[in-house]
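An overview of the molecular structure
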Amino acid sequence: MIAFVRGILDTVEEDRIIIDHQGMGLELLVPGSILQELPQVGNEVKIYTYMHVREDAMQLFGFRTREEKEMFKLLITVNGVGPKVALGILSVMDVDTLRFAIISDDAKSIAKAPGIGNKTASKVILELKDKCHLEDMLDSMAETMETAEGRPVSGEDNKEARNDAIQALVALGYSATEAARAVRAVSVTVDMTVEDILKQSLKTIV
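A brief look at the structure comes next. (Residues numbered from 1 in each chain as written. Predicted model: local features only at pLDDT ≥ 70, side-chain atom pairs only at ≥ 80, totals over all residues. Heavy atoms only, no water.)

In the sheet, strand 1 (residues 4-12) pairs with strand 4 (residues 44-54) via 5 bridges, with the strands oriented antiparallel. When the sheet's bridge partners are listed, Val-5 is paired in strand 4 with Ile-47. Direction of pairing for strand 1 relative to strand 2 (residues 16-21): antiparallel, over a ladder of 4 bridges. Residue pairing in the sheet places Val-12 in a bridge with Ile-17 of strand 2. Counted between consecutive antiparallel strands, the loop separating strand 1 from strand 2 contains 3 residues. (Pairing = 2+ DSSP bridges. Helix = DSSP H or I, 4+ residues; strand = E, 2+ residues; numbered from the N terminus.)

Set out below in structure tokens:
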């Protein structure tokens, strides 16, 4: 099994990239969201990979993070969700947003992905809900957020305040997915109150 590939980014297309790895061109199918995170062609890149084997083909899928790769692997365990559909979901939703949509039964947001209808979206929620936890999502959010001084906020700092802000946005009529995305966009500091986070979150919602 190929866990990851490191090499020179040779080609970038809408749904795939080619990496020059020691003179061998490796074609990786990727979610559309990865394209914004790639360096310019000609630069070195590291991509986490998953090899999907079927009777008539072997396909290599690429992801920027281990977390995204693990979510892809979870998605393709769902009945009716193949690799192409899983990539479509990850092209329009990052891992944290998808996780929160699953936790909060937000089938409507998942159904916006190409190739996904309400029925399949509901299956994703039903089959993965016990594998996704709010604590994991909040911890992930905390790891990526920075204070005004540029220091990361610890996993425990303001976790409850962020969760309360999400719930408050839902009470205001926003979907759980929209609420999670808005709160995630705020650079939360340890001294911010729920009201502070809520005010900043509302500014990010268009």
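Still to come is the rest of the account.
Moving on: the pattern of salt bridges. Note that side chains of opposite charge can pair when their charged atoms are close. Inspection of every chain in the model, using the stated rule, returns 10 salt bridges. Residue Lys-129 is joined to Asp-105 by a salt bridge in which the shortest nitrogen-to-oxygen separation is 2.8 Å. Within this pair, whereas Lys-129 is found in the loop between helix 5 (118-128) and helix 6 (134-144), its partner Asp-105 is found in the loop between helix 3 (95-103) and helix 4 (107-110), the two being separated by 24 residues in sequence. Lys-129 gets classed as partly exposed once you look at its relative accessible area, which sits at 33%. (Salt bridge = Lys/Arg side-chain N within 4 Å of Asp/Glu carboxyl O. Buried < 20%, exposed > 50% of the residue type's maximum accessible area, 1.4 Å probe, protein only.)

Attention now goes to helix 1 (residues 66-75). Among the residues making up helix 1, those that are buried are Glu-68, Lys-69, Met-71, Phe-72 and Leu-75. Buried residues of helix 1 fall within an arc of 160° about the axis and therefore sit on the same side. In this structure, the buried residues of helix 1 make contact with strand 4, strand 5 (57-63), helix 2 (83-92), helix 3 and helix 5. (Arc of directions from axis to C-beta. Contact = heavy atoms within 4.5 Å.)

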